[in-house]
Amino acid sequence: MIAIVFFKKADNELFAKLKGRLEGVFQSEDFSDSVLSLPLPLAAFNKKRRQYNSPEILRGMLDNSVLEDYNKVLGIVDEDLYTANLNFVFGQADSVGGKVCLVSAKRLYQSFYNLPENAVLFLMRLSKEAAHEIGHLLGLVHCHNKSCVMTYSESIREVDFKRGQFCSVCRDKIKEKY
Ligand SMILES: [Zn+2]
Ligand SMILES: [Zn+2]
């Protein structure tokens with residue numbers, strides 16, 4: 001079972017839409033119906049950077065008894081995330097083939113770029129980044145196919161360029177694991 005947890009107030013409408021998208025992308029109904037929410041660990045906040053340390057949140061997720069019963073967990077964070085050597089990350093998985101991953105919604109909103117909000121585009125971006133991180137949990141590494149959802153995106157332009165689906169090579173690798 002794959003769980004989706006909100007690190008803020010749970011958003012039922014967004015949960016339903018995202019879950020529906022991911023079930024389509026993964027051709028799987030393995031996503032839990034429970035809408036979970038957890039507080040962000042304060043220790044993960046870096047005051048100087050005004051960002052949250054992604055590995056710190058992931059560690060907390062691995063230790064959290066609420067998430068014990070799930071095989072894989074996707075966390076949705078509204079705050080900006082960073083990891084040691086990067087200014088920011090759209091998301092991160094604890095490891096390839098690991099258990100927990102995170103996506104930050106912060107830079108997926110058009111308003112972050114001072115543009116009018118677009119709910120459809122936001123959901124598309126969120127489901128792409130969520131599928132990418134869950135892909136890592138299912139054993140996938142970055143894909144060289146720039147339109148594959150497993151390509152590494154450094155900018156929102158690259159997020160928008162790639163498709164929301166796995167290329168046939170990545171899809172076959174997931175199938176082998178399942
Ligand atoms: Zn990645
Ligand atoms: Zn691929």
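Up top you'll find the structure we're talking about.
What counts and what doesn't
- Residues numbered from 1 in each chain as written.
- Chains lettered and ligands numbered in written order.
- Predicted model: local features only at pLDDT ≥ 70, side-chain atom pairs only at ≥ 80, totals over all residues.
- Helix = DSSP H or I, 4+ residues; strand = E, 2+ residues; numbered from the N terminus.
- Rg over C-alpha atoms; globule rule 2.2 N^0.38 Å.
- Contact = placed C-beta atoms within 7 Å.
- Pairing = 2+ DSSP bridges.
- Buried ≥ 20, exposed ≤ 12 C-beta atoms within 10 Å, placed from the backbone.
- Axes fitted to C-alpha atoms, helices over the stretch in contact; angles between N-to-C directions.
- Parallel < 35°, antiparallel > 145°, perpendicular 65-115°, else oblique.
- Left-handed = near helix turned anticlockwise from the far one by under 90°.

K.L.:
It is not clear to me how the overall build of the chain should be interpreted in this structure. Could you clarify?
P.N.:
Each helix and strand in the chain was counted, giving five helices and nine strands. The C-alpha radius of gyration computed for the chain amounts to 15 Å, which stays within 12% of the reference 16 Å derived for 178 residues, consistent with globular compactness. If you line up the chain on its principal axes, its C-alpha atoms span 45 × 40 × 35 Å. Sequence separation of at least 24 residues holds for 62% of the intrachain contacts in the chain that already meet a minimum separation of 6.

K.L.:
Explain the pairing of strand β7 (residues 86-89) to me, please; I cannot follow it from the model alone.
P.N.:
Regular strands place their side chains on alternate faces of the sheet. In the sheet, strand β6 (residues 81-83) pairs with β7 via two bridges, with the strands oriented antiparallel. Each residue of the ladder has a partner; that of Thr83, found in β7, is Leu86.

K.L.:
I would appreciate a short explanation of the environment of Ala44 in the present structure.
P.N.:
Within the secondary structure, Ala44 sits in the loop between β2 (31-37) and β3 (45-46). Note on Ala44: 20 C-beta atoms within 10 Å, which makes it buried. For the pair Ala44 and Arg59, spaced 15 residues apart in sequence, the C-alpha separation works out to 10.0 Å. Residues contacting Ala44, with those up to four places away along its chain left out, are Tyr52, Asn53, Glu56 and Ile57.

K.L.:
Mind showing me how you'd approach the packing of helix α1 (residues 12-26) against helix α3 (residues 119-137) here?
P.N.:
In a pair of packed helices, the angle between the axes and the distance between the axes together describe the arrangement. Two elements in contact, α1 and α3, have axes whose closest approach is 10 Å; the angle formed by their N-to-C orientations is 50°. Judged on the interaxial angle alone, α3 and α1 are oblique. The crossing of α1 and α3 is right-handed. Residue-level inspection shows Lys17, Leu18, Arg21, Leu22 and Val25 of α1 in contact with α3, the latter providing Leu123, Leu126, Ser127, Ala130 and Ala131.

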